Amino acid sequence: MEGFDFTTLGALLFVASLVAMACHRLKLPYSVGLVVAGIVITLLPLGIPTPLTPDLIFFVFLPPLVFEAAIQIPWKPFRRELPLLLALVTFGVVLATVVVAVGMHLIVGWSWLGAAFFGILIAATDPVAVIAAFKTMHVERRLHLLVESESLLNDGVAAVGFAILVIVASGGNAGPSNIALHLVTNIAGAILAGGVVAFGLILIAGRTTDRLVEITLTMLIAYGSFLLAEHFHCSGVLATLTAGLIVGNYGFLGSISENGRQSVLSHWEFAAFLVNSLIFILIGGRETQMPILDVIETAAIAAGLSLAGRAVAVYPVMMSFAKTKLSVSWKYKHVLFWGGLRGALALALALALPANIAERETIITVAFAVVAFSIFVQGLSMPWLIDWLHLRTEPEKADLSAAKAINRIENEEAEAEAKGG
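Residues numbered from 1 in each chain as written. Predicted model: local features only at pLDDT ≥ 70, side-chain atom pairs only at ≥ 80, totals over all residues. Heavy atoms only, no water.

Asks: Before we move on, could you go through the overall build of the chain and cite the residues and values that matter?
Replies: Secondary structure summary: the chain contains 16 helices and zero strands in total. When each of the 421 residues of the chain is scored for burial, the buried share is 54%. Across the chain, contacts joining residues at least 24 apart in sequence account for 81% of those joining residues at least 6 apart. When the accessible area of the chain is evaluated, it comes to approximately 18800 Å², of which 67% is carbon and sulfur surface. (Helix = DSSP H or I, 4+ residues; strand = E, 2+ residues; numbered from the N terminus. Buried < 20%, exposed > 50% of the residue type's maximum accessible area, 1.4 Å probe, protein only. Contact = heavy atoms within 4.5 Å. Areas by Shrake-Rupley, 256 points an atom, 1.4 Å probe, with all protein chains shown as cover.)

Asks: Requested: an account of the nonpolar core, with residues and values cited.
Replies: In this structure, Phe 118, Leu 121 and Phe 134 are the most contacted members of the largest nonpolar core, which totals 122 residues. The residues contacting Phe 118, other than those within four sequence positions of it, are Val 100, Met 104, Trp 110, Ala 302, Ile 363, Val 366, Ala 367 and Val 370. Ranked by size, the runner-up nonpolar core spans 19 residues in total, among them Ile 221, Ala 243, Val 264 and Trp 268. (Core = buried A, V, L, I, M, F, W, Y, C linked by side-chain atoms within 4.5 Å.)

Asks: Pulling in residues and values, what's your account of a nonpolar patch on the surface?
Replies: Side chains of Val 36, Val 40, Leu 44 and Leu 46 sit close together on the surface and give an oily, nonpolar patch of about 320 Å² of accessible area. Judged by relative accessible area, which is 38%, Val 36 ranks as partly exposed. (Patch = residues over 30% accessible without salt bridge, like charges linked within 9 Å, V, L, I, M, F, W, Y side chains within 5 Å. Salt bridge = Lys/Arg side-chain N within 4 Å of Asp/Glu carboxyl O.)

Asks: Please give an account of helix H5 (residues 112-122) that cites residues and values.
Replies: Most of H5 sits inside the fold, with nine of its 11 residues counted as buried. Residues Gly 114, Ala 115, Ala 116, Phe 117, Phe 118, Gly 119, Ile 120, Leu 121 and Ile 122 constitute the buried set of H5.

Asks: Summarise the pattern of salt bridges; cite the residues concerned and give the values.
Replies: Tallying each qualifying case throughout the model produces three salt bridges. A salt bridge links Glu 81 to Arg 142; the shortest N-O distance between them is 2.7 Å. Separated by 61 residues along the polypeptide, Glu 81 in helix H4 (residues 75-108) and Arg 142 in helix H7 (residues 141-169) bring together distant segments of the chain. Of the charged contacts, one joins Arg 310 and Glu 150 as a salt bridge, the two residues approaching to 3.1 Å between their closest N and O atoms.

Asks: I'd love a proper account of the confidence of the model for the chain, names of residues and values included.
Replies: Here the chain averages 86 in pLDDT, and 89% of its residues register 70 or above. When mean pLDDT is taken per element in the chain, helix H12 (residues 296-319) scores highest with 96 and helix H16 (residues 395-420) scores lowest with 50. Below pLDDT 50 for its whole length, residues 398-407 participates in nine contacts with residues either more than four positions away or in separate chains. (pLDDT = per-residue confidence, 0-100.)

Asks: I'd like to hear about the side chain of Glu 214, residue by residue, with values.
Replies: Examined against the element boundaries, Glu 214 turns out to sit in helix H9 (residues 211-231). Although Glu 214 is buried, it forms no salt bridge, and the closest oppositely charged side chain is Arg 211 at an N-O distance of 7.8 Å. Contact partners of Glu 214, with chain neighbours within four places excluded, come to Ala 205, Thr 208, Thr 209, Ser 255, Ile 256, Ser 257, Gly 260 and Val 264. (Lys, Arg positive; Asp, Glu negative; His and termini not counted.)

Asks: Describe the packing of H4 against H5, with residues and values.
Replies: Put simply, H4 and H5 touch, their axes get as near as 8 Å, and they point 140° apart. Classified by the interaxial angle, the pair formed by H4 and H5 is oblique. Note on packing geometry: the crossing formed by H4 with H5 is right-handed. Taking contact as the criterion, the partners of Val 93, Thr 97, Val 100, Ala 101, Val 102, Met 104 and His 105 in H4 are, on H5, Trp 112, Ala 115, Ala 116, Phe 118, Gly 119, Ile 120 and Ile 122. For the contact of H4 with H5, the class distribution of residues is 11 nonpolar, three polar and no charged. (Axes fitted to C-alpha atoms, helices over the stretch in contact; angles between N-to-C directions. Parallel < 35°, antiparallel > 145°, perpendicular 65-115°, else oblique. Left-handed = near helix turned anticlockwise from the far one by under 90°. Nonpolar A, V, L, I, M, F, W, Y, C, P; charged D, E, K, R; others polar.)

Asks: I'd love a proper account of the environment of Gly 206, names of residues and values included.
Replies: With respect to the secondary-structure elements, Gly 206 resides in the loop between helix H8 (176-205) and H9. A residue is classified by how much of its surface remains accessible, and Gly 206, at 45% relative accessible area, is partly exposed. Through-space distance from the C-alpha of Gly 206 to that of Ile 256 is 5.9 Å; in sequence the pair is 50 residues apart.

Asks: Tell me about unusual backbone geometry, and please be specific about residues and values.
Replies: Even without glycine at this site, His 233 takes up a positive phi of about 60°. Take His 233: it is sitting in the loop between H9 and helix H10 (236-249). The backbone phi angle of His 390 is positive, close to 55°, even though this residue is not glycine.

Asks: So what about the packing of H8 against H10? Which residues, and what values?
Replies: Two elements in contact, H8 and H10, have axes whose closest approach is 7 Å; the angle formed by their N-to-C orientations is 40°. If you check the angle between H8 and H10, you find them oblique. Crossing angle aside, the handedness with which H8 passes H10 is right-handed. Across from Ile 187, Ala 190, Ile 191, Ala 193, Gly 194, Gly 195, Ala 198, Phe 199 and Ile 202 in H8, the residues of H10 making contact are Leu 238, Ala 239, Thr 242, Ala 243, Ile 246 and Val 247. Here the residues of the contact of H8 with H10 are counted per class, giving 12 nonpolar, three polar and no charged.

Asks: Help me get a handle on H7, residues and values and all.
Replies: Over its 29 residues, H7 extends 42 Å from the first C-alpha to the last, a length consistent with the 42 Å expected when each residue adds 1.5 Å. Judged by how many residues are buried, H7 sits mostly within the fold: 23 of 29 residues are covered. Count one or two residues on from H7 and you reach Gly 171, which has phi positive near 85°. (Expected span 1.5 Å × (residues − 1).)

Asks: How would you summarise the packing of aromatic side chains if you had to cite specific residues and measurements?
Replies: Evaluated as defined, the whole model comprises 12 aromatic pairs. Pairwise contacts between aromatic rings join Tyr 315, Trp 330, Phe 337 and Trp 338 into one cluster. Above the plane of the ring of Trp 330 lies Lys 333, whose end atom (NZ or CZ) is 3.9 Å from the centre. (Phe/Tyr/Trp six-rings, centres within 6.5 Å; stacked < 30°, edge-to-face > 60°. Lys NZ or Arg CZ within 6 Å of the ring centre and 35° of its normal.)

Encoded structure:
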């Protein structure tokens, strides 16, 4: 966290506020404007440091981002989409990783281990710019749910996969049985940590109607679940995701007061704005320190492979659900593919690469280049894609479409139960 003091924080937040106003007026993605601002800050002799470290991303920025997204995910629609989502974040992430890793090994000549590390870290998606576009352009709720939920689960799986590769790189016992055991204990431990912290503090929240205390307790849930899981070498992302789902569904049903609920949501909306503002400015600042031009060809290959990996992760997996009640239109598939932007988690994992990876410095630089490509190219073109696919709709129509989809699924489930009976 060195170099990130209150003076720096104040200066960056002032810049973020100006950028937000300008982007709103110019109708540009907020994340793009912030990255540009970070680049300008670093190039100008303003003396404002823009530090970006793995600890800052992991332990300060990620918990509120994951928690804020998770508390707004409704459980019933999420549960219905879970088979599709699990397929996307397991088979999909593995396929994307394999495509990128094989390509970087065969085309660029990286070692298998270095290519595998890059493949798994670049599989982590961060659709902040896409979600922001959804909120202003009003797309159907199911599309919003799929994009945001897939990204959250995707990040958790990518982090677990990265941890397994760290074991391999350290020379530990990396046999199939040990990897399987680590995978199960990591996921189960993360879910348990999230559940223990969330339910424990929700019970305390149920004893007060003071909205400030309720907000404070949700802050403790977000960071506490993350830190507890990481303490036991489990996935903090999955733990905070679990905690957020519990608070957003169980907690808002009675433990948190009605008055407190809106205050909690407003607080976390602000927290997400604050953290996203800082992240993208810091990404822009760090971009100027990366010798990207020295690896421009490798970066171009990596960007192409990351898109190919994302395509393999989305289209074949979703096509396997074509004849089920979870079938997804081609328009949705295109948005999920192109909306798979890379962001903070990919960079945090890159910066946390073990020192014994031969291509470590090159991987970090290439990761920053691919993130920049996704923010500027994919992020800027997403509103155009939504309009071209005619996915923009009025809020009332989006709600009606979501209601119809839910009713259709419920009717199909009822019919299946009747036949089974």
